[in-house]
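Take a look at the letters that make up each chain.
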Amino acid sequence: MFTITLSWQNQRDLAANLTKFLSKYKYISDSYIIEFFTEELWEKLPASWREALCGLSFPQHCGHYRYPSVWPLSLLAFRATAHALSFPRRAGQQSGAGDPAEDFLENHSQSSMLGHIFRKHVKPKKQHEIRKLGTLVKQLCDQTNCEAVVDVGSGQGHLTRFLSFGLGLSVTAIEADRKLVTMATKFDESSYWTLEKEKHRWNGSSHLCVAGPSPHHVVRLGPTLLYGWPRVPVAHTGKPSESQCPHMRGITSVACCYMKITTRECPKPPGPGGGPHCSSAPRDPLTHPSWLPPTMGTATLAAAQANLGYPMSAWVQGLPGHGLSYKAREGACHAIEDYMQRLREESRLLRTHCYRATLETLITEAKPEMRRVGVQTIKKAHLLPFAEYAHLGLARVGLPASLPLEPAGRVEAMLEQEGRVVVYFSLALLLAPAVETLVLLDRIIYLQENGVKSTLVPLFDPELSPRNFVLVAMKTGMVEQQK
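How each quantity is defined
Residues numbered from 1 in each chain as written. Predicted model: local features only at pLDDT ≥ 70, side-chain atom pairs only at ≥ 80, totals over all residues. Heavy atoms only, no water. Pairing = 2+ DSSP bridges. Helix = DSSP H or I, 4+ residues; strand = E, 2+ residues; numbered from the N terminus. Axes fitted to C-alpha atoms, helices over the stretch in contact; angles between N-to-C directions. Contact = heavy atoms within 4.5 Å. Polar contact = N/O pair within 3.5 Å; in protein donor to acceptor, adjacent residues only side chain to side chain. Parallel < 35°, antiparallel > 145°, perpendicular 65-115°, else oblique. Left-handed = near helix turned anticlockwise from the far one by under 90°.

## Observations regarding the sheet that holds strand S4 (residues 250-254)
Pairing in this open sheet of three strands is antiparallel, and the strands run S4-S6-S5 from one edge to the other. Only two strands of the sheet have a single neighbouring strand rather than two, namely S4 and strand S5 (454-458). Taking the axes of each pair of neighbouring strands and ignoring which way they run, one obtains an average angle of 20 degrees across the sheet. Sheet topology note: the S4/strand S6 (residues 469-474) ladder contains five bridges and is antiparallel. Each residue of the ladder has a partner; that of Gly-250, found in S6, is Met-474. Lying on the sheet, helix H8 (residues 124-144) is in contact with S4 and S6; it crosses S6 at an angle near 10 degrees. Across the sheet, helix H18 (residues 418-449) lies against S4, S5 and S6, angled at about 5 degrees from S6, the strand it touches most.

Put into structure tokens, the structure is as follows:
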């Protein structure tokens, strides 16, 4: 299996280089594409960049075909550095654009490597993820002589059923949403009876599963916590236990929703119930002291007790310019491969950003206090004339749909800049993998600072699952004690 493993010095050097690079281009990563016109984002780019990028075809944005002019060295360096500092998103040889994952060569909606009871109610993306992650967790259990798994943030239990019924592990599933727990229990029962029918059909055994015990679902956590293989960065809502957990052998963490992690600037992540971009949300299990050995340094223990999702490591905390804004972290969650496919195909979907940026201009001119107001998704917006799109959008934010789109020539002038909007968004998207790399690297360094070795695995096909990295760590000392 292809893994990303760096020496201690290389980890720190990469983090330092990333913070320098991202600090230099903060004005791009921190900008909102809907403010392309209101904030004159195009004018903020260097003049030499604007000259080189203006007029490019969409396929040229993603490296297809030759460019009509020689790019300035600063632009070439920007692109090369963004690629060089980012973790590779694929394991092994690059596959062609649009090639289906190995699971879906025969049927694009049904994984050929997953039993039918695990495909029920599960979309292709999730089928791919539970098979790959479940297999990795089983390998980790075998290496650490462990049979019990705790899945934090288990949702509807698709992964837990595969771990339990498919791989024979004892699983405790922890989920804060009671409705999801109810659905998971219902699906568990259905899978159990399907499995029983299979056993009778095949004379006491099933060709589908190895049949471990049914998953045990927990709605909320108490004052102590055991967590093993979270699919998302979450933890319990009670007070973190100060005691060390001798039974915890390993952890796998699949990161997503980077804009929701806690920072010093925003100690509560985005969502309902908080201030701007803030709410009371689950915390990251890696910050929980029970996972870490008792030899934690003072700085990293303080960060853990503060439950910050970024930065977690003392090293990154000490780097100048290490801060990552909400917008930069949100940008790191975009599906890059999907957007590149749109560029290659010159998809009409690309006009949506220009539509929204033009609408933002109309909204803020009518009501300046409604800057960056959320506009409910307009279905098939790219197929609509802008006037119809604007009327629908204005109505969604409580403004009169009859608001005049005058002068018409000014609106048309903005719409004609669609190519520039796409260029700017592409530049911001080029920084996204570097932002993601810094967040993940900070976690690797954090574990390293506390005596826990870890590795990063680009486990999923990024075209199916854009957040495809899995952080894997084991307490090797405990494994030795068990032998």
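## Re the side chain of Thr-364
Locating Thr-364 in the fold gives a position in helix H15 (residues 352-366). A polar side-chain atom of Thr-364 sits 2.9 Å from the main-chain carbonyl oxygen of Glu-360. Among all residues touching Thr-364, those that are not within four sequence positions of it are Thr-38 and Arg-371.

## Side note on the packing of helix H9 (residues 158-166) against helix H10 (residues 178-201)
At a closest axis distance of 10 Å, the pairing of H9 and H10 adopts a crossing angle of 30 degrees. Relative to H10, the element H9 is oriented roughly parallel. Judged by the twist between their axes, the crossing of H9 over H10 is right-handed. Here His-158, Arg-161 and Phe-165 of H9 come into contact with H10, specifically with Ala-184, Phe-187, Asp-188, Ser-191, Tyr-192 and Leu-195.

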